[in-house]
Amino acid sequence: MKYVKFIPVLLLGFMAISCNTTKKLYENQEYDQVIQRVVPEIHSGKYNNNDVEMLAASYHRANQADHLKIQALKESGKPEAWPEIYQRYCAMKGRNDALKDLSPALKKDMDYGKLHLDEEIITSRNKAESYLVAKCNVLLDSRTKEDAEEAEKYIAQLRRTNPENSHIQDFRLKALLHSSENVLIQFENEYKYLMPDEFETEVRDFDADEFAPSHANFYLSEHRKVYYDLLVTAVLEDVVTTPERTDAVTFKETLGDKTAEVTDKSQSKSVTLKGHLRYYDVNLGRDRFSIPFEVTSSFKHDFSTVTGDREACSQETLRKINEKAVPFPTEDSMLIDAAKQLNDLIANELKK
């Protein structure tokens, strides 16, 4: 029985500690933490009047502080104020939502009312996004390591403001490239068939100044004394080829009483390379990005044949009947052409 008598003592002790912790949070003006702590207790039925009083005071004081700060930031007229304005509006809405499911009696005692902030949130978010995008562009356009590292802070703000913003991945990639000192460019063939001997050479055939004005050093082969902080690897995963094909369409052309039967013919063939451009951050020990690529080498040749009176033919038909069928290019030659396109794609990505 002595164990049973001891249990209420323990519960009282825990309640005292809990109350004391909430009170300390309140006294330290950690109002949002008070809300996060007390609201679940109210929903579970484990609360007292002091809890409700501290919750109400925390709610109103936190919102009042945000409201006053928002007004001051707006009056400053500074565009850099909008990200903070947006975050404070979101905080106010978050508190309002946290209390909305309390009982009507409790909400009345707490002088709770629904806040209508949707319009303010949308406006401030749009202005915050515009400022953050412009700031990131300015910092990243300098292509210096210092500005790239500074841009990371604003990119993080942009992600918090709108994770769906279309500029985010491009900004993150630029920041990674511009903050790197030594970049090793590699090629991996995960495709199950052998490629032409000169394929990889064409993929990595970069000019010495192709990545200017980047401050980073780009390497095509490893040097033992160089520490590479970024590895960029073009990973070939698939090659899709279409068969040699000749399509034909026959129609008639007339001029007065003259008639000609024209057959337009089109030769076509293509080779497509598919894979990923992988960015491995050596300092973090993991991939930062894996961006899919797809490049296509296409062959297309049009010509026409005519039976009947050529005087009935249009100028376009007359031009095309001077063309003849030509040999289809070999698959190897098209693979080499696709490799050159992949080379251009990599260069464009790395000199962003």
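Residues numbered from 1 in each chain as written. Predicted model: local features only at pLDDT ≥ 70, side-chain atom pairs only at ≥ 80, totals over all residues. Heavy atoms only, no water.

## So, the overall build of the chain
In terms of helices and strands, the chain carries 11 helices and 6 strands. For a compact globule of 352 residues, the expected C-alpha radius of gyration is about 20 Å, and the chain comes in at 34 Å, more than 25% above that figure. Oriented by its inertia axes, the alpha-carbon framework of the chain measures out at about 110 × 65 × 60 Å. Per-residue burial for the chain yields a buried fraction of 38% across its 352 residues. On the chain, roughly 20900 Å² of surface is accessible, and the fraction owed to carbon and sulfur atoms is 49%. (Helix = DSSP H or I, 4+ residues; strand = E, 2+ residues; numbered from the N terminus. Rg over C-alpha atoms; globule rule 2.2 N^0.38 Å. Buried < 20%, exposed > 50% of the residue type's maximum accessible area, 1.4 Å probe, protein only. Areas by Shrake-Rupley, 256 points an atom, 1.4 Å probe, with all protein chains shown as cover.)

## Some points on the pairing of strand β4 (residues 245–255)
Judged from the 11 bridges that link them, β4 and strand β5 (residues 258–281) form a sheet pairing that is antiparallel. Bridging across to β5, R245 finds its partner in S268. As consecutive antiparallel partners, β4 and β5 are separated by 2 residues, and within that stretch G256 has a phi angle of approximately 65°, a positive value. (Pairing = 2+ DSSP bridges.)

## A look at the environment of T307
Take T307: it is sitting in strand β6 (residues 286–308). A residue is classified by how much of its surface remains accessible, and T307, at 48% relative accessible area, is partly exposed. Separated by 125 residues in sequence, T307 and N182 have C-alpha atoms that sit 65 Å apart. Excluding residues that lie within four positions of it along the chain, T307 makes contacts with A260 and E261. (Contact = heavy atoms within 4.5 Å.)

Fair warning: the whole summary comes from geometry, so function is off the table for now.
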